[in-house]
Amino acid sequence: MKLFSILAFILLASLPIQAQKLLGVVFEKDEKGKDQPMAGANVYWLGTTIGTATKDNGVFLIDRIEGYNKLLISFAGYQTDTVSITDQTSIKVELKSERYLQEVTVQGWRPSTYVDITSGINTVTMNEKELFKAACCNLSESFETNPSVDVAFTDALTGTKQIQMLGLSGANTLISLENMPGVRGLAASQGIQFIPGTWINSIQVTKGVGSVVNSHESIAGQINVELKKPQESDKLYLNGYINNTGRAEANTIFTTQVSKKWATTFLVHGSMRPTEIDQNKDGFLDFPTGQQVNFINRWVYNSGNGWLGQLSVKYLKDQKQGGQSGYNAERDKFKSNVYGLEINTERTEFVGKLGYQFPAQPYKSFGLQVSALRHLHDSYFGNVVHNADEQSAYTNLIYQSIIGSTSHKFKTGLSFLYDRYIETLGTNINIGQYDFSRTEQVNGAFFEYSYDDLKKFSLVAGLRVDHHNLFGVYWTPRVHAKYNATSTTTLRASFGRGWRLANIIAENSSFLASSRSIVLSNQQTNKAYGFRPDDAWNYGLTLQQDFTIDYRPGNISIDYFFTDFKNQAVMDWDRNTQQINFFGLTGKSFSNSIQAQVDYQLARRLDLRLAYRWLDVETDYLNGRLQRPMVPRDRAFVNLAYKTKNLWSFDWTLNRIGVQRMPDMELNPIIHQLPPFSEPYFLMNAQVTKDFGDKWSVYMGGENLNNFTVSNPIVAANAPFGPHFDSAMIWGPVFGTVVYAGFRYRVK
């Protein structure tokens, strides 16, 4: 608009500008290429809180500040611009709509699993491309192509999988859903199988301690799962899956924009395994039969003037039945003729978030997170009964802003966590022999400072203090530092404390599927299970190097992490083959982990990932210092991913799992003893995917294609009610090759 331009320049030129002030006008181009004034655009000096907003005619007047010469101009929905100011007294700035940016095609290479080099905390992100490399029926299967996280069956009967990070059991890793507590409490054992893979938008994996803002509970690391959101989900997404073990799944995601400010997404999952399979002919089902129904309805609100909100309602019902072939619960439950088990879970949850970003100060915001849930767990294993009822509530209030400039940021806030457990363990004739019921309340406050010079160095240093109603005050400091030695070399270091009260039954439920009786010794308190919270310090170093070979990009990372427990509720498999001993740590318990990983583009559309990890995990048990049992000493990993021009994708993964120390079984008769160490073995997985345009995809793949299985995975399988029965001595696959197929359909 010529008139606007003429008037703007006349105004700029004619005003008697003082030397210490800067006059400007902000505009955009309309569809005809004419200038249009932008009212309400934010204008402030970069690195300060001093700013203003443009008037109705797009004009602004701002005081100049000595030492600051970069002016930042922003407006919602437009590309933010930074202008260098020297001695001029007036400027004219054009902002461009972000919609034009969407039309730009950027060509480059980045692995589907990558580290955000701009983040102060060392976090690996797995995007949808990585998750589609395998069928990923649930979260536990999303790490098949990631060498940092191990996933293993906990026993030979329940089909339960548990993750390990840095050689430590999954409960030592904080698994959060969109940075709120996710898999914890009674869900610690089964929970990672309650998050369908098709619901996952991305996963962030942090080794070592995470941020103090999220929780005090991460010791070995944090896994944050981002689910599909209304603002970024497909309008419709359908997925179907079936495999040769009889497992079938269906997933539906439906998103609609209800109004300009409200959008909603429905996520629905149903799965079943109706068929009894006993491939190794030991008389026990290789997987439990059962079904799961899982549902989320989430709403997102965007006011357009800084207010954002989310509401989610979740419901889950999961039923499993396993044991010996032909087991009938109505006929055989609590009898000693046929061994059976059932695990029934029902969970209801509400989640809400509310946030506000100050329009004139985009670096300043506050947010409130709240959640409430009820988790019902009823189970029996032969004649052992474990029942529990968890009611939890959580809230976290976060305020963030800057200190003087955007190089110095901070987050601070208050948190509250409430857990009420009604939990009993016993036998069918003495249900409730052990009563572990308790109420926990944790009130917390935190402050986290971040510094980033945008060139070489960044620092994230946080401190939180929590008061546990049963165990008093805990201070949790955490520090992350990053140094860019060159444009391609990054060094990172971290250290900090993590602590958590272990749910020793739910987190170690594999012992229930055995004839072992529980023994609690060296108890430290008369509260909860009799043990003070697990308490550990974690230290980490990481080197990341980008490189180019034969014009092809790649990167290598090498990391070392040391975890040192100051207190721990230790589970001891070695003391007695007919007992599971839990005792309070009196000596040392630690983990050393070294991992090297290389990602390289071998050819166009052909990616290679190589990794090797070595672990040393030791604990002072009742029989002395020993390697942690059933933890692989090392793991080697190779993954190849190739996509053709006509949209065929091929993924191939090979794992070598190293030797594992097995619990001492010398007290058993020779026929029921195990070798002191397992043998190393390979696991090979592959998948082929064909995309038909933007909507249809079909895939077919196989797991454990080399058909490796553990011989006689159940100790004394012929006498499940005898004194030596034990299904928890599992160090490898129970089932051989699994072949699967499925489809995806999406409307964007």
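See the structure printed just above.
Now for a look at the structure at hand. Predicted, not measured: the structure shown is a model, and the values here were computed from it.

Concerning the overall build of the chain
Now for step 1: Helix and strand content of the chain: 4 helices and 44 strands.
Now for step 2: Its C-alpha atoms give the chain principal-axis dimensions of about 100 × 60 × 50 Å.
Now for step 3: Sorting the 748 residues of the chain into buried and exposed places 54% on the buried side.
Now for step 4: Here the analysis covers contacts within the chain between residues at least 6 apart in sequence; of these, 63% occur between residues at least 24 apart.
Now for step 5: For the chain, the computed accessible surface area is about 31900 Å², with 57% contributed by carbon and sulfur atoms.
Now for step 6: The average position of the 72 basic charges and that of the 69 acidic charges among the side chains of the chain differ by 6 Å.

A few points about the pattern of salt bridges
Now for step 1: One pass over the structure, following the stated rule, counts 34 salt bridges.
Now for step 2: Between Arg497 and Asp535 there is a salt bridge whose closest N-O contact spans 2.6 Å. With Arg497 in strand E31 (residues 489-500) and Asp535 in strand E33 (residues 534-549), the pair connects residues that are 38 residues apart, well separated along the chain. The same class applies to Arg497 and to Asp535, which are both buried.
Now for step 3: Linked by salt bridges that have partners in common, Glu178, Glu226, Lys229, Arg298 and Lys353 make up one network.

As for unusual backbone geometry
Now for step 1: Look at Met630: it is not a glycine, yet its phi comes out positive at around 60°.
Now for step 2: Its place among the elements puts Met630 in the loop between strand E39 (624-627) and strand E40 (634-643).
Now for step 3: Backbone geometry at Leu647 places phi at a positive 70°, although glycine is not the residue there.
Now for step 4: With respect to the helices, strands and loops of the structure, Leu647 is situated in the loop between E40 and strand E41 (648-657).

What about a nonpolar patch on the surface?
Now for step 1: Nonpolar side chains collect at one region of the surface, where Trp307, Leu354, Leu368, Leu397 and Leu414 lie side by side and expose about 430 Å² of accessible area between them.
Now for step 2: Mapping Leu414 onto the fold places it in strand E26 (residues 405-427).

Thoughts on the sheet that holds strand E35 (residues 569-572)
Now for step 1: Reading across from one edge, E32-E36-E35 is the order of the 3 strands in this open sheet, with mixed pairing throughout. Looking at which strands have only one partner, the edges of the open sheet turn out to be strand E32 (517-521) and E35. Strand-to-strand twist in this sheet, taken as the mean axis angle between neighbours without regard to direction, amounts to 20°.
Now for step 2: Sheet topology note: the E35/strand E36 (residues 579-584) ladder contains 4 bridges and is antiparallel. Across the sheet, the residue bridging to Met571 is Phe582, located in E36.

Some remarks on the side chain of His468
Now for step 1: Its place among the elements puts His468 in strand E29 (residues 457-468).
Now for step 2: Of note is the side chain of His468, whose polar atom sits 3.1 Å from the side chain of Glu440.
Now for step 3: Not counting residues up to four positions away in its chain, the partners in contact with His468 are Glu440, Gln441, Val442, Trp499 and Leu501.

A short note on the sheet that holds strand E11 (residues 150-153)
Now for step 1: The strand order across the open sheet built from 3 strands is E11-E12-E13, with neighbouring strands paired in antiparallel fashion. Looking along the sheet, the strands with just one partner apiece sit at the ends: E11 and strand E13 (168-169).

Here we look at the nonpolar core
A general trend in soluble globular proteins is that nonpolar side chains are found buried together.
Now for step 1: Core analysis: the largest hydrophobic core is formed by 40 residues, its most contacted members being Leu157, Ile504, Ile505, Phe511, Trp573, Phe582 and Met729.
Now for step 2: Of all the elements in the fold, those that place two or more residues in this core are strand E23 (340-357), E35 and E36.
Now for step 3: Beyond its immediate chain neighbours, meaning those up to four positions away, Ile504 contacts Leu520, Tyr529, Phe531, Ala569 and Phe582.
Now for step 4: Counting 37 residues, the second-largest nonpolar core is a separate cluster that includes Leu168, Ile219, Ala220 and Leu227.

Criteria and cut-off values
Residues numbered from 1 in each chain as written. Predicted model: local features only at pLDDT ≥ 70, side-chain atom pairs only at ≥ 80, totals over all residues. Heavy atoms only, no water. Helix = DSSP H or I, 4+ residues; strand = E, 2+ residues; numbered from the N terminus. Buried < 20%, exposed > 50% of the residue type's maximum accessible area, 1.4 Å probe, protein only. Contact = heavy atoms within 4.5 Å. Areas by Shrake-Rupley, 256 points an atom, 1.4 Å probe, with all protein chains shown as cover. Lys, Arg positive; Asp, Glu negative; His and termini not counted. Charge placed at Lys NZ, Arg CZ, Asp CG, Glu CD. Salt bridge = Lys/Arg side-chain N within 4 Å of Asp/Glu carboxyl O. Patch = residues over 30% accessible without salt bridge, like charges linked within 9 Å, V, L, I, M, F, W, Y side chains within 5 Å. Pairing = 2+ DSSP bridges. Axes fitted to C-alpha atoms, helices over the stretch in contact; angles between N-to-C directions. Polar contact = N/O pair within 3.5 Å; in protein donor to acceptor, adjacent residues only side chain to side chain. Core = buried A, V, L, I, M, F, W, Y, C linked by side-chain atoms within 4.5 Å.

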